[in-house]
Amino acid sequence: MRLLLLGGTAHLGSTVATRALARGHQVTCLARGSADPPEGVTFVRGDRDDPDGLSAVRDEEWDVVVDVTRQPGQVRRAVSELRTRHWVFVSTANVYAAASAPGYDEDTPLLEPLEGEAMTSVEEYGPAKVACERAVTEGARAGGGTATLVRAGLIGGPGDDSARVGYWPWRLAHPSGPDVVVPDDLDFPVAFIDVRDIAAWVVHAAEQRLDGAFNVTGPPTTLGTVLEESARVAGATVPLRPVPVAELTRLGVRPWMGPRSLPLWIDDPALRHFAVMGTGRARAAGLHTRPLAETLADTLAYEEARESPRPVGLTDAEEQEIRAALG
């Protein structure tokens, strides 16, 4: 199979390329070259913001094109210029207008699509991905082809620079004091998928030319279970210090991501079940996910070797400050 990967040098794209190569496929990556592509791929330098950015690959016939962009204009240009029998577009759970119940499926209503060519703020991420999905589907149908829409949940695993999954095993392995500050909502619903598992399913979807939308994430669990497994893989015995949400807010601790935060947790009741999508359709079509402990152990190993600053969680000084403020 001749696979064109639009991107392919970042976390998910690189893992998809590596998986496809291991399956014996010919892989071409078109990207700006901000990171090195995996060994064995054919690398083509191109900037998709350039109106002629696809010129090096548009005269080829591809078995599959895989796209991970968030910019509708880039997708519209790709579907109008590239020739392929099948598209795989990596979308997101953020396309859904509501996630009020656990296990919501692919028939859940979507947000209104972004009207412009490019998202200009993080608030436009969901609508931008909806617009991308629509462009891929309509373009595939117009050309007599098929399209897989991969509505991905949170992606973790080794290589994840966001550290949203990696923070907890790392923090438990390296406590800043006699305990570890956590939200007191240990029943908070959590789900995420190892990058290697979603990459394997993307390649499987390409091989099988699966048509339609699929929610793709890991099994539902709880924040408490993630913390227990994180402590186990880290060999940690440090106790947890659950802190009420009101106190965390007072002390300037953010949910989910970013500096001075506690990841994998959201304090907005409307988003409580955001992560725990129903994945029955994808699992029936071949999705397999590895045990939670394996992902956490491999992610911890990646975090231990990290050279860049960790962009989420609490620093030692911040956690010590919070501990002192709580008394």
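The rules we used
Residues numbered from 1 in each chain as written. Predicted model: local features only at pLDDT ≥ 70, side-chain atom pairs only at ≥ 80, totals over all residues. Heavy atoms only, no water. Helix = DSSP H or I, 4+ residues; strand = E, 2+ residues; numbered from the N terminus. Rg over C-alpha atoms; globule rule 2.2 N^0.38 Å. Buried < 20%, exposed > 50% of the residue type's maximum accessible area, 1.4 Å probe, protein only. Contact = heavy atoms within 4.5 Å. Areas by Shrake-Rupley, 256 points an atom, 1.4 Å probe, with all protein chains shown as cover. Core = buried A, V, L, I, M, F, W, Y, C linked by side-chain atoms within 4.5 Å. Salt bridge = Lys/Arg side-chain N within 4 Å of Asp/Glu carboxyl O. Phe/Tyr/Trp six-rings, centres within 6.5 Å; stacked < 30°, edge-to-face > 60°. Lys NZ or Arg CZ within 6 Å of the ring centre and 35° of its normal. Pairing = 2+ DSSP bridges. Axes fitted to C-alpha atoms, helices over the stretch in contact; angles between N-to-C directions.

A. Up close: the overall build of the protein. The helix and strand inventory of the protein stands at ten helices and 15 strands. Computed over its C-alpha atoms, the radius of gyration of the protein comes to 20 Å, within 12% of the 20 Å expected for a compact globule of 327 residues. Based on the C-alpha atoms only, the size of the protein along its principal axes is roughly 65 × 40 × 35 Å. Burial statistics for the protein: of 327 residues in total, 53% are counted as buried. For the protein, contacts bridging at least 24 residues in sequence account for 75% of all contacts bridging at least 6. Surface exposure of the protein reaches about 14000 Å², of which carbon and sulfur atoms provide 50%.

B. Representation of the nonpolar core. Of all hydrophobic cores here, the largest spans 41 residues; its most connected members are Trp168, Phe192, Leu223, Leu262 and Leu264. Residue assignment for this core shows that the elements contributing at least two residues are helix 4 (167–173), strand 8 (180–183), helix 6 (223–234) and helix 9 (292–304). Of all hydrophobic cores here, the second largest spans 31 residues; its members include Val88, Trp201, Val202 and Leu287.

C. Examining the pattern of salt bridges more closely. Inspection of the entire model under this criterion finds 26 salt bridges. Salt bridges linked by common partners bring Arg171, Asp179, Arg241, Asp316, Glu319 and Arg323 together as one network.

D. How the structure looks around unusual backbone geometry. One non-glycine residue with positive phi stands out, namely Ala163, at about 65 degrees. Topologically, Ala163 is positioned in the loop between strand 7 (155–156) and helix 4. Judged by its relative accessible area of 0%, Ala163 falls in the buried class. With a phi close to 50 degrees, Arg209 is a non-glycine residue in the positive phi region. Positionally, Arg209 belongs in the loop between helix 5 (195–208) and strand 11 (212–216).

E. Structural detail: the packing of aromatic side chains. For the coordinates displayed, the defined rule picks out five aromatic pairs. When the centroid spacing of 6.5 Å and the interplanar angle of 40 degrees are considered together, the rings of Tyr167 and Trp170 count as tilted. On the criterion of helical spacing, the pair formed by Tyr167 and Trp170 is a turn pair, its members being three residues apart in helix 4. With 6.3 Å between their ring centres and 80 degrees between their planes, Trp256 and Phe274 make a pair best called edge-to-face. Placement of Trp256 in strand 14 (residues 254–256) and of Phe274 in the loop between strand 15 (261–263) and helix 8 (280–284) is noted, with a sequence separation of 18 residues between them. The pair Trp256 / Phe274 is uniform in exposure class, with both members buried. Cation over ring: Arg2 sits above Trp62, and NZ or CZ is 4.4 Å from the ring centre. Lying across the ring of Trp170, Arg310 places its NZ or CZ 3.8 Å from the centre.

F. Examining the sheet that holds strand 2 (residues 26–31) more closely. The strand order across the open sheet formed by seven strands is 3-2-1-4-5-6-11, and the pairing between neighbours is parallel. Every other strand in the sheet has two partners, leaving strand 3 (42–45) and strand 11 as the edge strands with one partner each. Each neighbouring strand pair of the sheet contributes to a mean axis angle of 20 degrees, computed without reference to strand direction. Across six bridges, the pairing between strand 4 (residues 61–67) and strand 5 (residues 83–92) is parallel. Across the sheet, Val66 pairs through a bridge with Val88, a residue of strand 5. Packing of helix 2 (residues 72–81) onto the sheet brings it into contact with strand 1 (2–6), strand 4 and strand 5, and relative to strand 5 it is tilted by some 165 degrees. With respect to the sheet, helix 3 (residues 125–142) is in contact with strand 5 and strand 6 (146–152), its orientation differing from that of strand 5 by roughly 160 degrees.

G. Up close: the environment of Leu4. Inspection of the secondary structure assignment puts Leu4 in strand 1. Considered as a pair, Leu4 and Leu30 are 26 residues apart in the sequence and their alpha carbons are 7.5 Å apart. When residues no more than four places from it in sequence are discounted, the contact partners of Leu4 are Thr28, Leu30, Val57, Trp62, Val64, Val65, Val66 and Leu82.

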